[in-house]
Amino acid sequence: MQTTEFIWFDGKLVPWDQAQVHVMTHSLHYGCAVFEGIRAYKTADGGSAVFRLKEHVARLFNSAKIMEMEIPFSEEDVCNGILETLKVNKLDEGYIRPLSFIGAGAMGVHPSTNPIQTIIAVWPWGAYLGAEALEQGIRVKTSTFTRLHVNVMMTKAKTSGNYANSILAKREAVADGYDEALMLDTEGYVSEATGENIFLVRNGVIKTPPLTSVLDGLTRNSLITLARGLGYEVVEQRFTRDELYSADEAFFCGTAAEVTPIREVDRRVIGAGHAGEVTKHLQKEYFKLVRGENPEYAHWLDAYSL
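Residues numbered from 1 in each chain as written. Predicted model: local features only at pLDDT ≥ 70, side-chain atom pairs only at ≥ 80, totals over all residues. Heavy atoms only, no water.

## Considerations on the overall build of the protein
The number of helices and strands found in the protein is 8 helices and 17 strands. Over its C-alpha atoms the protein spans a radius of gyration of 19 Å, differing by no more than 12% from the 19 Å that the globule rule assigns to 306 residues. Considered along the principal axes of its C-alpha atoms, the protein spans approximately 55 × 50 × 30 Å. Of all 306 residues assigned to the protein, the portion counted as buried reaches 53%. (Helix = DSSP H or I, 4+ residues; strand = E, 2+ residues; numbered from the N terminus. Rg over C-alpha atoms; globule rule 2.2 N^0.38 Å. Buried < 20%, exposed > 50% of the residue type's maximum accessible area, 1.4 Å probe, protein only.)

Structural data, given as structure tokens:
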């Protein structure tokens, strides 16, 4: 990680190395924290903008509500804090990580009146799965670990504890020589990846799993809207591994992964074995959108200048 100078910590800017918590911090022991991943991009007009800032912060607060955590700041405070942190670190493009967690105090599963603390960190970050992956695509393995059942954990909350499931799946996939893991739901249908939503393309129709046991990804939502605006048919429908194997194209999406083609799943080559035409079209239009080159979606960008 390429560090920056300051982190926003409970409303104050503190030097990166001084943004510390006690080892008895409740969330460190029990995994109850909520977070977001957001990106800022350089825009075509020479400035910078945060992509879907308000929607990301709203989801952070919804995650906190689901987990019964009351963030002691308003959504506007956090949005302003994100822009302030980008500016003070002179970061015209990069990744943004707001995190709210339960601080130190009572120990035990019940957090009692422990304070809810919030940080915002920003840093430069390129393609999550590698620059080559955006063009050539990645190799994927179906995980032996199942995605969380909706009554085991709160799957609509972006909760830190949920990601232990992702860590296990990702480690397994990488150890077996793959780039990413494909997660199935508890009924055996394709769910998502360790940190990305998934789409397939077959006979010109784009399909993605419905919002049953998957996180309501903002990149997923953006691509559905974008694709339909470009004239594609998009279906939110369950599908199985074998349907994925015989797809013409497939890709992952997420704030970190952006639009990453899938070239192989479980040793089966997907389509031509590289990014397909629909994937490349959506990828191109997505990058135009986040860089302010599509005025139709200007409302998704919060501009700022250094």
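## Describing the nonpolar core
Within the largest apolar cluster, 26 residues are counted, with the highest numbers of intra-cluster contacts made by Val50, Val78, Ile82, Leu86 and Ile96. For this core, the elements supplying multiple residues, two or more each, are strand S4 (38-42), helix H2 (53-66), helix H3 (75-88), strand S6 (94-102) and strand S7 (116-123). Those residues within four positions of Leu86 in sequence are excluded, and the remaining contacts are Ala40, Val50, Leu91, Ile96, Val122, Tyr304 and Leu306. (Core = buried A, V, L, I, M, F, W, Y, C linked by side-chain atoms within 4.5 Å. Contact = heavy atoms within 4.5 Å.)

## Considering unusual backbone geometry
A positive phi angle, near 55 degrees, is found at Arg52, a position not held by glycine. Along the chain, Arg52 turns up in the loop between strand S5 (48-51) and H2. Residue class for Arg52 comes out buried when judged on its relative accessible area of 7%. Backbone geometry places Asp266, a non-glycine residue, at a positive phi of 50 degrees. Here Asp266 lies in the loop between strand S15 (258-265) and strand S16 (268-269).

## Considerations on the environment of Val269
Note on placement: Val269 falls in strand S16. Sequence separation between Val269 and Ala40 is 229 residues, and the spatial gap between their C-alpha atoms is 34 Å.

## Describing the packing of H2 against H3
Closest axis-to-axis distance for the H2/H3 pair is 10 Å, and the angle between their directions is 130 degrees. One finds that H2 runs oblique with respect to H3. For the pair H2 and H3, the crossing hand works out as right-handed. Packed against H2, whose contacting residues are Leu53, Lys54, Val57, Ala58, Leu60 and Phe61, the element H3 presents Glu75, Val78, Cys79, Ile82 and Leu83 at the interface. (Axes fitted to C-alpha atoms, helices over the stretch in contact; angles between N-to-C directions. Parallel < 35°, antiparallel > 145°, perpendicular 65-115°, else oblique. Left-handed = near helix turned anticlockwise from the far one by under 90°.)

## So, the side chain of Thr219
Among the secondary structure elements, Thr219 is positioned in helix H6 (residues 218-229). Among the polar contacts listed, one links the side chain of Thr219 to the backbone nitrogen of Thr255, at a separation of 3.2 Å. In contact with Thr219, not counting residues within four places along its chain, are Cys253, Gly254, Thr255, Glu258 and Tyr286. (Polar contact = N/O pair within 3.5 Å; in protein donor to acceptor, adjacent residues only side chain to side chain.)

## Here we look at the pattern of salt bridges
Considering all chains together, one arrives at 16 salt bridges under this definition. Across the pair Lys207 and Glu243 runs a salt bridge, and its minimum N-O distance is 2.7 Å. One end of the pair, Lys207, is in strand S12 (residues 205-208); the other, Glu243, is in helix H7 (residues 241-245), and 36 residues separate them in sequence. Each of Asp185, Glu187 and Arg238 takes part in salt bridges that share partners, so that together they form one network. (Salt bridge = Lys/Arg side-chain N within 4 Å of Asp/Glu carboxyl O.)

## Structural notes on the packing of aromatic side chains
Per the stated rule, a full pass over the model turns up 10 aromatic pairs. Pairing Tyr286 with Phe287 gives two aromatic rings, centres 5.8 Å apart and planes at 70 degrees, and the pair type is edge-to-face. One aromatic cluster is present, formed by Phe51, Tyr286, Phe287, Tyr297 and Trp300 through successive ring pairs. Over the ring of Tyr178 we find Arg139; its NZ or CZ atom is 4.4 Å from the centre of that ring. Positioned over the ring face of Tyr245 is Arg268, at 4.2 Å from the centre of the ring. (Phe/Tyr/Trp six-rings, centres within 6.5 Å; stacked < 30°, edge-to-face > 60°. Lys NZ or Arg CZ within 6 Å of the ring centre and 35° of its normal.)

## With respect to helix H5 (residues 163-175)
Counted at 1.5 Å a residue, the expected span for H5 with its 13 residues is 18 Å, and the 18 Å between its end C-alpha atoms agrees. Those residues of H5 lying buried are Asn165, Ser166, Ala169, Lys170, Glu172 and Ala173. One side of H5 holds all its buried residues, which, seen down the axis, span an arc of 160 degrees. Projecting away from the buried face of H5 at angles above 90 degrees are the exposed residues Arg171 and Ala175. (Expected span 1.5 Å × (residues − 1). Arc of directions from axis to C-beta.)

## Some words on the domain arrangement of the protein
Much of the literature gives interface size as the accessible area that the parts lose upon coming together. What the domain assignment lists for the protein is domain 1 (6-123) and domain 2 (131-290). Relative placement of domain 1 and domain 2: their C-alpha centres are 26 Å apart. Each partner contributes residues to the interface: domain 1 has 20 residues there, and domain 2 has 20 residues. Of the roughly 1,800 Å² buried where domain 1 meets domain 2, counting both sides, 61% is carbon and sulfur surface. Considering only the surface of domain 1 that becomes buried against domain 2, Phe35, Phe51 and Arg59 emerge as the three largest contributors, covering 33% of it. Where domain 1 touches domain 2, the interface holds 1 salt bridge. Between Glu258 and Arg39 there is a salt bridge, with the nearest N and O atoms lying 3.6 Å from each other. Put simply, domain 1 and domain 2 have 11 residue pairs in polar contact (both at pLDDT 80 or more) between them. (Domains from an automatic or database assignment. Buried area = accessible area lost by both parts, 1.4 Å probe.)

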